[in-house]
Amino acid sequence: MSRISRFSSALVAGVFALTAIAAHAQNAEGRGGRGMLDRYDTDKDGKVSLAEYETGRQNQFRRIDTDGNGALSFAEIDAAGAEAAQRGGGMAQMMQQRLAALKAADTNGDGSISAEEYKAYVDAAFKALDKNADGFLTADEFQAAMPGH
């Protein structure tokens, strides 16, 4: 499979995983897109910039990168998935889907996700969510990504 094809697959899977995250936020907090906005909107201006979104995702990258080498091996991704599975429930299922999607971001086929591959994956997911292409995500855009919308 070509790098572009793998990246496209990763993007589609990533957006799917993001909808699962949004659905979890809606179920867990009953606030739908607003819950996702609150999670990422660190400057509390009512919208999420790419920088804010990337910061949140980089924090996740660092949590999964248990050996601290700046790349996510498939073993680290699998370990994070197993940890999520132990927690059970909807969050575990969402994390497993998201982590499986993350593996598709390995565009060079080396069996790990570099910081650059991860950034491309996150940026593409942000762009897919940013329906009006204004460079920000709103509660409505997070809500629109939820299943059934």
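See the structure shown above.
Just so it is clear, the model here is predicted, and its values are computed rather than measured.

**Q** Could you give me a rundown of the side chain of Ser112, with the residues and numbers involved?
**A** When you line up the elements, Ser112 lands in strand β3 (residues 112-114). Residue contacts for Ser112: discarding those within four places in its chain leaves Ala71, Leu72, Ser73, Phe74, Asp106 and Glu117.

**Q** Which residues make up the packing of aromatic side chains, and what values do they have?
**A** Applying the stated criterion across every chain, the model contains five aromatic pairs. Ring geometry for Phe61 against Tyr118: centres 4.9 Å apart, planes inclined by 55 degrees, an arrangement best described as tilted. Of this pair, Phe61 sits in helix α3 (residues 50-64) while Tyr118 sits in helix α6 (residues 115-129); the two residues are 57 residues apart in sequence, bridging distant segments of the chain. Relative accessible area serves as the criterion here: at 1%, Tyr118 is assigned to the buried category.

The rules behind each value
Residue numbers run consecutively from 1 along every chain, following the written order of its sequence. Local features in this predicted model are restricted to residues of pLDDT 70 or higher, and side-chain atom pairs are both shown and tallied only at a pLDDT of 80 or more, whereas totals for entire chains, interfaces and linings draw on every residue. With hydrogens and water stripped out, all remaining heavy atoms of the structure feed into the side-chain values. For helices the rule is a DSSP run of H or I covering at least 4 residues; for strands it is a run of E covering at least 2, with both sets numbered from the N terminus onward. Working rule for contacts: check all heavy atoms of both residues, and any pair within 4.5 Å makes them a contact. Each aromatic pair joins two rings of Phe, Tyr and Trp (for Trp, the six-membered one) with centres within 6.5 Å, and gets the label stacked for planes under 30 degrees apart, edge-to-face for over 60, and tilted for any other angle. A 1.4 Å probe rolled over the protein chains alone gives each residue an accessible area, and that area as a share of the maximum for its type sets the label: buried under 20%, exposed over 50%, partly exposed in between.

So, to be careful, I would describe these as geometric facts and stop short of saying anything about function.
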